[in-house]
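Below, each chain spelled out in residue letters.
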Amino acid sequence: MRLPRLRRHTPPAPFTAPQAPPRPVLLREDALVRQLADGSVEANGWAPCPAEERARLHALHADGSRTCWTCRWTTQGDS
Ligand SMILES: [Zn+2]
């Protein structure tokens, strides 16, 4: 008795990971000290952190961006 011919197995398409969210830019302490010295970081202030969705202390940059001290997320512009 002959066995029925089996269909050739086709491997599944390789898994592709979903696009990772943008990684926060790490705020290095020496870079901050340099930026404080040259004036590109003006002050610290409370602002809403979009990454954490709560108010956090931020380093406020002269170009209007700000960097969260808690999670190091940088927000561009005044939003
Ligand atoms: Zn944050």
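Structure: see above.
Values in this document were obtained by computation on a predicted structure and should not be read as measured data.

Some remarks on the pairing of strand 2 (residues 54-61)
When strand 1 (residues 41-49) meets strand 2, the two strands line up antiparallel, connected through eight bridges. Note that in strand 2 the partner of Trp46 across the bridge is Leu57. Where strand 1 hands over to strand 2, the hairpin turn is made up of four residues, of which Glu53 adopts a positive phi near 60°. Direction of pairing for strand 2 relative to strand 3 (residues 66-68): antiparallel, over a ladder of three bridges. Of the residues in strand 3, the one forming a bridge with Leu60 is Arg66. Here strand 2 hands over to strand 3 after four residues, with Gly64 in that stretch at a positive phi of 95°.

Looking at the environment of Gln76
One can find Gln76 in the segment after strand 4 (74-75). Owing to 10 C-beta atoms within 10 Å, Gln76 belongs among the exposed residues under this scheme. Placed 15 residues apart in sequence, Gln76 and His61 show a C-alpha to C-alpha distance of 9.6 Å.

Thresholds, definitions, all that
- Residues numbered from 1 in each chain as written.
- Predicted model: local features only at pLDDT ≥ 70, side-chain atom pairs only at ≥ 80, totals over all residues.
- Pairing = 2+ DSSP bridges.
- Helix = DSSP H or I, 4+ residues; strand = E, 2+ residues; numbered from the N terminus.
- Buried ≥ 20, exposed ≤ 12 C-beta atoms within 10 Å, placed from the backbone.

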